[in-house]
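Next come the chains, spelled out residue by residue.
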Amino acid sequence: MSCLAPHPMKILQENVMSRWCLRVCVLCCLTSQQLSWGHPGPGHSKSKSGSLPTSSSGRDWSNSRTATVEAGSFVMAREGIVQIRRADDSLMTLPLRELSPEDQEFVIRRMEKIREAVEEPVRLAQAGRRGGATDRSAAPLIAEHFEPFVKLQAIQTRWDERYFYVESNGIPAHQMMVGITSWQQQVPLPQKYVGDNAWQIPLHPQPAQSPATTKNRFLRGAIAIAVNGIPIFNPLNNRGDDAYLFGELDEFGGHCGRADDYHYHIAPVHLEKTVGAGKPIAYALDGYPIYGYQDPKAPDFAPLDSLNGHKDAKGNYHYHATKTYPYLNGGFFGEVVEKEGQVDPQPRAEPLRPSLPPLRDAKIVGFEEVRAGSYRLTYEVQGKRGTVSYQLSDNGAASFEFVDPQGRKSTQTYSPKRRGRGDAPDRPGDRPPPRGEKPRRKDGRTGQAQPAAVGADADIARLVVSSSSVDEQGRLSQACTCDGKSESPAVTWKEAPAGTKAFALSLWHTAPDQEKSYWVVYNIPAKTTSVAQNKKPEGTIGLNDRRRAEFDPMCSRAPGLKTYHITVFALSQKIELAPENATRANLLEAIRGRVLAEGTLDFQYERKAP
């Protein structure tokens, strides 16, 4: 597969032009300075020592070929030719090799000073722009650890005074997906981890006063970045389960998230084959390196602390990979900022298509690049094979063909969405409003959102969903939260299409790489059009995330206003789903192909300060 998506030409041109213009301006200034240097002041004297004059560059120049001496001031040197200005303002040129050794040394040192004067403003200007520096000769030590993959053109790196930046398209060169036995139906798609959306690592990590654990924290987003440009997420998935032990990872310890973004969940020790044994294979987002497995026989062997790290003989802290949890850094020895359950800032993956629920009993047995830009994933369910084939286009679109284990085919084409950086990816039937906006009613007021379509059925009928438990500002009644009486909210729906045999209801909250389910009700009788507040609904109550058949009230631990959603589905028939297995994910899977209409009500809630 392609290892790195090309940078946008416009960005490249702007960078080159701005750098070129800056150099021209500096050179013009230097030229004017050099011309002034060329007029020797009174009392100039020759200096055979080769030292730089303190007030003037006027000197006597010895021509070894003609055995003559000329008085003048240095102007410039280029391609082996030196230009000198005489006292009468005339110019003299002569080959550098014909000057005496002392004069040649003077010219070389003078040109070095001029070059430094040119490069320094450029370097400072680059440092002022995020991640602008690219001078490989002045690279920080961390650059050496990523350099093998820079040479392979798998990634690009840059740095400024504070951060080291890693750009990639999120696609590794090794085999992906094969071996996964708990599959979320995602496939690897390139991501734009470039520009302001690049990964950034602190160049000067600072030990934290209180190191933060990743045990049931930082369950969203990455906690480290591998030297091949692939992010590494918490070994615990967003439910708090060990992703490796649950069969969610491929043979290299990775899988795809809800945005079809490939990432690891355990230490990528296979990268030692490329970078060499004893070299870092990743960096935690606090700035400290992660090495492979320890060698108990090594002279510098030392026990690991609770974060899976220790200090070397020089006092430098680093983490190690282990074969059991936490697999890599079990927390952050260095300072990090936690925001909405993840390290901040960090790049965001951009979803191209809605994510799908898990496919029960599926095992991925193959993934290959059929031809340039065309891929096929093969999976098995109870001995029968299905495939997901897709072709990537130059404009960012992707055409999919799905063949399920029964041989049924379907196709779908997805085009890039115009969405702001950091927007949450969609799920089937789950389209929360853009971040920072209040949900809108059809009449323009908050409290009743436009219904959304399930999957690819863009022309599906719409249910109108409302709630008397949500006020005109779109805020949920305190009585329905853990700040109040923990009552289940009221829900009303209308405009169900003919042929509706049952309804299903789901109350949920979503964010990138994390989803929480609070209430699942299904097989609600077709004649029913509402559920009263704090009343047991008709139908079967499924499981919330606490594995309880009841309503789980909103009880956000993180500060800030949160958006939640109630989706009601009109079904063409009742579904057969055992209550003990009726999670939200299993509900979405069970209703596939049976949804006649749906609608989603978006509302908000902010936890009261204790």
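Residues numbered from 1 in each chain as written. Predicted model: local features only at pLDDT ≥ 70, side-chain atom pairs only at ≥ 80, totals over all residues. Heavy atoms only, no water.

K.L.:
I tried to follow the overall build of the protein chain on my own but got confused; where do I start?
P.N.:
From N to C terminus, the protein chain includes five helices and 33 strands. Taking all 610 residues of the protein chain together, the buried fraction comes to 48%. (Helix = DSSP H or I, 4+ residues; strand = E, 2+ residues; numbered from the N terminus. Buried < 20%, exposed > 50% of the residue type's maximum accessible area, 1.4 Å probe, protein only.)

K.L.:
Please explain the confidence of the model for the protein chain as it appears in this structure.
P.N.:
Any segment with low pLDDT has predicted coordinates that should not be analysed in fine detail. On average, residues of the protein chain score 80 in pLDDT, and 77% of them reach the 70 mark or higher. Low pLDDT, under 50, characterises residues 1–57; the predicted model gives this stretch 84 contacts beyond four residues in sequence or across chains. Here residues 418–459 is modelled with pLDDT under 50, and outside its nearest four sequence neighbours on either side it reaches 124 contacts, counting other chains as well. (pLDDT = per-residue confidence, 0-100. Contact = heavy atoms within 4.5 Å.)

K.L.:
I tried to follow the pattern of salt bridges on my own but got confused; where do I start?
P.N.:
It is possible for side chains bearing opposite charge to pair when their charged atoms get close. If you walk through the whole model with that rule in mind, you get 15 salt bridges. With its nearest N and O atoms 2.4 Å apart, the salt bridge here joins Arg158 to Glu167. Look at Arg158 and you get buried, because its relative accessible area is 10%. Note that Glu589 and Arg592 form a salt bridge whose closest N and O atoms lie 3.8 Å from each other. Using a relative accessible area of 24% as the deciding quantity, one classes Glu589 as partly exposed. A cluster of three or more residues bridged by salt bridges with shared partners is formed by Lys516, Arg546 and Asp552. (Salt bridge = Lys/Arg side-chain N within 4 Å of Asp/Glu carboxyl O.)

K.L.:
How do you make sense of the sheet that holds strand E23 (residues 398–403) when you look at a structure like this?
P.N.:
Spatial ordering of the open sheet is given by E20-E21-E22-E23-E24, a layout of five strands whose pairing is antiparallel. At either margin of the open sheet sits one strand with a lone partner, and together these are strand E20 (362–371) and strand E24 (409–414). Each strand axis lies, on average, 15 degrees off the axis of its neighbour in the sheet, ignoring direction. Inspection of the sheet shows strand E21 (residues 374–381) paired to strand E22 (residues 384–392) by eight bridges, in the antiparallel sense. Bridge pairing links Tyr375 to Tyr390 in E22. (Pairing = 2+ DSSP bridges. Axes fitted to C-alpha atoms, helices over the stretch in contact; angles between N-to-C directions.)

K.L.:
Before we go on, may I ask you to explain the sheet that holds strand E30 (residues 530–531) in this structure?
P.N.:
Neighbouring strands of a sheet are bound in pairs by backbone hydrogen bonds; such pairs are parallel or else antiparallel. Spatial strand order, E26-E27-E30: three strands in an open sheet with antiparallel pairing. For this open sheet the edge positions go to strand E26 (464–466) and E30, each flanked by a neighbour on one side alone. Judged from the three bridges that link them, E26 and strand E27 (residues 491–494) form a sheet pairing that is antiparallel. Directly across from Ser466, in E27, lies its bridge partner Thr492.

K.L.:
Even after reading the chapter, I still don't get the side chain of Thr567, so can you show me in this structure?
P.N.:
Locating Thr567 in the fold gives a position in strand E32 (residues 561–571). A polar side-chain atom of Thr567 sits 3.0 Å from a polar atom in the side chain of Trp508. Polar side-chain contacts of Thr567 include one of 2.9 Å to the side chain of Thr600. (Polar contact = N/O pair within 3.5 Å; in protein donor to acceptor, adjacent residues only side chain to side chain.)

K.L.:
Whenever I open this one, the packing of aromatic side chains confuses me. Can you help?
P.N.:
When we look at a pair of aromatic rings, we describe it by the centre distance and by the angle of the planes. On inspection of all chains with the given rule, the structure shows 27 aromatic pairs. Ring centres 5.6 Å apart and planes at 15 degrees place the aromatic pair Phe400 and Phe402 in the stacked group. Residues Tyr564 and Phe603 carry aromatic rings whose centres are separated by 5.9 Å and whose planes lie at 20 degrees to one another, so their mutual orientation is stacked. With Tyr564 in strand E32 and Phe603 in strand E33 (residues 595–606), this pair connects stretches of sequence that are 39 residues apart. What makes Tyr564 buried here is its relative accessible area of 2%. (Phe/Tyr/Trp six-rings, centres within 6.5 Å; stacked < 30°, edge-to-face > 60°.)

K.L.:
I'm lost on the nonpolar core in this one. Help?
P.N.:
In summary, soluble globular proteins display a tendency toward joint burial of nonpolar side chains. In terms of nonpolar packing, the biggest core is built from 74 residues, with Phe146, Met177 and Trp183 touching the most fellow members. Sequence-distant contacts of Met177, defined by excluding residues within four places in its chain, comprise Trp183, Gln186, Pro188, Asp250, His255, Cys256, Tyr262, Ile364 and Leu377. (Core = buried A, V, L, I, M, F, W, Y, C linked by side-chain atoms within 4.5 Å.)

K.L.:
I'm lost on the state of the cysteines in this one. Help?
P.N.:
By definition, a disulfide links the sulfur atoms of two cysteine residues through a covalent bond. With the rule as written, the count across this model stands at one disulfide. Between Cys482 and Cys555 runs a disulfide, and the two sulfur atoms are separated by 2.3 Å. For the disulfide bridge between Cys482 and Cys555, the dihedral angle about the S-S bond is near 85 degrees, and by the sign convention the bridge is right-handed. Here Cys482 is found in the loop between E26 and E27, whereas its partner Cys555 is found in the loop between strand E31 (540–541) and E32, with 73 residues between them in sequence. By relative accessible area, Cys482 is classed as partly exposed at 26%. (Disulfide = S-S within 2.5 Å.)

K.L.:
I tried to follow a nonpolar patch on the surface on my own but got confused; where do I start?
P.N.:
A contiguous nonpolar patch, built from Tyr244, Leu245 and Phe246 and spanning about 350 Å² of accessible area, is present on the exposed surface. Mapped onto the elements of the fold, Tyr244 is located in the loop between strand E10 (231–233) and strand E11 (254–256). (Patch = residues over 30% accessible without salt bridge, like charges linked within 9 Å, V, L, I, M, F, W, Y side chains within 5 Å. Areas by Shrake-Rupley, 256 points an atom, 1.4 Å probe, with all protein chains shown as cover.)

K.L.:
What am I meant to see in unusual backbone geometry here?
P.N.:
Negative phi characterises most residues that are not glycine, and trans characterises most peptide bonds. Between Tyr325 and the following residue, Pro326, the backbone shows a cis peptide bond with an omega angle of 15 degrees. Among the secondary structure elements, Pro326 is positioned in the loop between strand E16 (317–320) and strand E17 (331–334). A cis amide bond links Asp344 to the next residue, Pro345, at an omega of 0 degrees. Take Pro345: it is sitting in the loop between strand E19 (342–344) and E20.

K.L.:
Please explain the environment of Lys494 as it appears in this structure.
P.N.:
Tracing the chain through its elements places Lys494 in strand E27. Sequence-wise, Lys494 and Thr528 are 34 residues apart; in three dimensions their C-alpha atoms are separated by 9.7 Å. Among residues more than four places away in sequence, those in contact with Lys494 are Leu463 and Val464.

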